[in-house]
Amino acid sequence: MNHPRSAELSSQKWTLQYPELGTDPVPHSVNTSAAYFEKEREKLFKRTWLFLCRDDELPRPGCYVVKQVAILETSVLLARGNDGIIRAFHNSCRHRGNKVVMGGGEKSGESKGFICGFHGWTYDLQGKLKNIVDEEDFFDIDKSKLGLKPIHCGVWRGFIFINAMDTPHETLEEALGQWGRDVAAFPFENFELVNVYSANIRCNWKIALDAFQENYHVQTLHGRSAAAALNSKSNPFGHLLDVRLFPEGHRQAALPANLSFEPAPAVQMAVKYAGGANVYAYSDSSQRKISGANRTGSSDWSFDLNVIFPHVQLIVSDAFVLTQHYWPVSVDETYWELRQYLPISTSVAGRIAQQNSQAALRDVIREDLVTLENTQTVLRSGAITHMQLCDSEITVRHSYYKVDERINAPD
Amino acid sequence: MPTLPKEFADLERFVTAGWALPREHARWKRRVTSSIAEIKDFYETLLPRMDAMVKYLDRHPLSEVPEGDRPLLYLALAFMDVSPSWEVFHAADLPEPVFEIDRMHIVERPYPWELAT
Ligand code: FES
Ligand SMILES: [Fe+2]
């Protein structure tokens, strides 16, 4: 599909180019229905390649990470073997099922293997069962068949995905499709992780994702903060420069920048110290080519807002990269985790410049976060049965459409 | 006892006032619990001094910042953390209602000198 860019062509609506989405109000009950949530678990999350984390969390052989993935009803143990390969396992001992790496929350470390703290069974980094305490006391036990239960695991551009099916319907490459082939060109290796924010939020995961996948709210919610850097006189509502919706469920929207915005003094300082990029300062992007982003080559471009289906936001620009996970916990609880990456810097000046972006971002994020529980609590009343979605919210519309498609698919 | 290089002795009062904090989360809390008068004083005093501070600190790469330079670095980072209060919000914190920062768990990267041990 070839969609013309449309900041100027504002009479042209993106939504009309995807007639399958329709233009009707979208039911809100899917955000409060426990039955729908269970279907999301069984028919969507348990059957989809899910982006779990980046491989920089396991930089060396022997590194391991544990993620508690409530929506899969499991604890996932990722380990990088001596062969350098990252494998995923259910973090559950083959003896009686205790967590091999115990505890809740995220765990990480470096080890030669794993010892279950209950009765001492040991596993190597490849998941093989190495030793059973007092093995002779068991009956016909075959260690070679009792390795940690693997989970399908694939890596794309340093992004680790897992798939909980015994036999996934498709390869990771197929699941990422054209979106993956295009975004693969983005130079992720030029960015470093600067911090991680997380919180438990009492809202449905889709309510959380929605607030971060549309930019219609920028003019109001970020009216004091980000709006001036993004929305301009010629594009006051921040109409999208480009939209692509992919059959696999991923989506991509290119957001505008206000090139005549004059950044505040500390931001200008940061631009000077970092030699360019800043969250609050965008320059003519037709002057610089960024592989895997700004597909239309728009000059007034700020960043691409991608959603890796179903539950992760990925922002890419030359100023910053963000991943935000919205992990479903229950119908009205979400575990939110944001990772901020900035252009790698080894100088003190660059480090100080990075701090400016970090400070700017977390204020904007907190503006977004405040809406989530405010929305969810009142939704429970059932008073609002439908959401009205404008063209700028096409990503939200696509999101509900794609989730529903999975829920209603034949078994 | 002064903690800053003598060229920056005039900023010592901000170290005394607890701004030279190594951790982002602590600086952030310091910011949102300040009065706007305090923010203004800190911001306006540091703004014209930042170039000199950065030039001084930039004598070494980030991996080799000597111990004696670190309080000055923390002040410079605090300046960036505080800047949106004055430049964007004209208030220490975002206007109500806010998502409380204590609900946000933060994992910060270590400084290179913290990794050495
Ligand atoms: S449950 Fe792991 S050794 Fe018994
Ligand atoms: Fe936002």
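We now turn to the structure provided with this report. (Residues numbered from 1 in each chain as written. Chains lettered and ligands numbered in written order. Predicted model: local features only at pLDDT ≥ 70, side-chain atom pairs only at ≥ 80, totals over all residues. Heavy atoms only, no water.)

### As for the overall build of chain A
Alright, step 1. On a plain count of helices and strands, chain A comes out with eight helices and 19 strands.
Alright, step 2. On C-alpha atoms alone, chain A measures out to a radius of gyration of 23 Å, which is about the 22 Å that the 2.2 N^0.38 rule sets for 411 residues.
Alright, step 3. Projected onto its principal axes, the C-alpha coordinates of chain A cover approximately 80 × 55 × 40 Å.
Alright, step 4. In chain A, which comprises 411 residues, the share counted as buried stands at 57%.
Alright, step 5. Across chain A, every contact between residues at least 6 apart in sequence was considered, and the portion connecting residues at least 24 apart equals 66%.
Alright, step 6. A total of about 16,600 Å² of accessible surface is found on chain A, and carbon and sulfur atoms cover 52% of it.
Alright, step 7. With 42 positive and 48 negative side-chain charges, chain A shows a spacing of 2 Å between the two charge centroids. (Helix = DSSP H or I, 4+ residues; strand = E, 2+ residues; numbered from the N terminus. Rg over C-alpha atoms; globule rule 2.2 N^0.38 Å. Buried < 20%, exposed > 50% of the residue type's maximum accessible area, 1.4 Å probe, protein only. Contact = heavy atoms within 4.5 Å. Areas by Shrake-Rupley, 256 points an atom, 1.4 Å probe, with all protein chains shown as cover. Lys, Arg positive; Asp, Glu negative; His and termini not counted. Charge placed at Lys NZ, Arg CZ, Asp CG, Glu CD.)

### Let's talk about the nonpolar core
All names here are of chain A.
Alright, step 1. Of all hydrophobic cores here, the largest spans 90 residues; its most connected members are Leu 78, Phe 320, Trp 336, Leu 369 and Leu 372.
Alright, step 2. Here this core gets seven residues from one element, more than from any other, and that element is helix α7 (residues 348–379).
Alright, step 3. Formed jointly, this core draws a minimum of three residues from each of two domains, domain 1 (7–32 + 188–407) and domain 2 (50–167).
Alright, step 4. Among residues more than four places away in sequence, those in contact with Phe 320 are Phe 191, Val 279, Tyr 282, Phe 303, Ile 315, Tyr 341, Leu 342 and Leu 361. (Core = buried A, V, L, I, M, F, W, Y, C linked by side-chain atoms within 4.5 Å. Domains from an automatic or database assignment.)

### Structural notes on the pattern of salt bridges
Residues and elements named next belong to chain A.
Alright, step 1. Applying the stated criterion to the full structure yields 38 salt bridges over all chains.
Alright, step 2. Among the ionic pairs, Glu 42 bridges to Lys 46, the shortest N-O distance being 3.5 Å.
Alright, step 3. The partly exposed category is assigned to Glu 42, whose relative accessible area is 36%.
Alright, step 4. Between Glu 405 and Lys 402 there is a salt bridge, with its nearest N and O atoms 3.0 Å apart. (Salt bridge = Lys/Arg side-chain N within 4 Å of Asp/Glu carboxyl O.)

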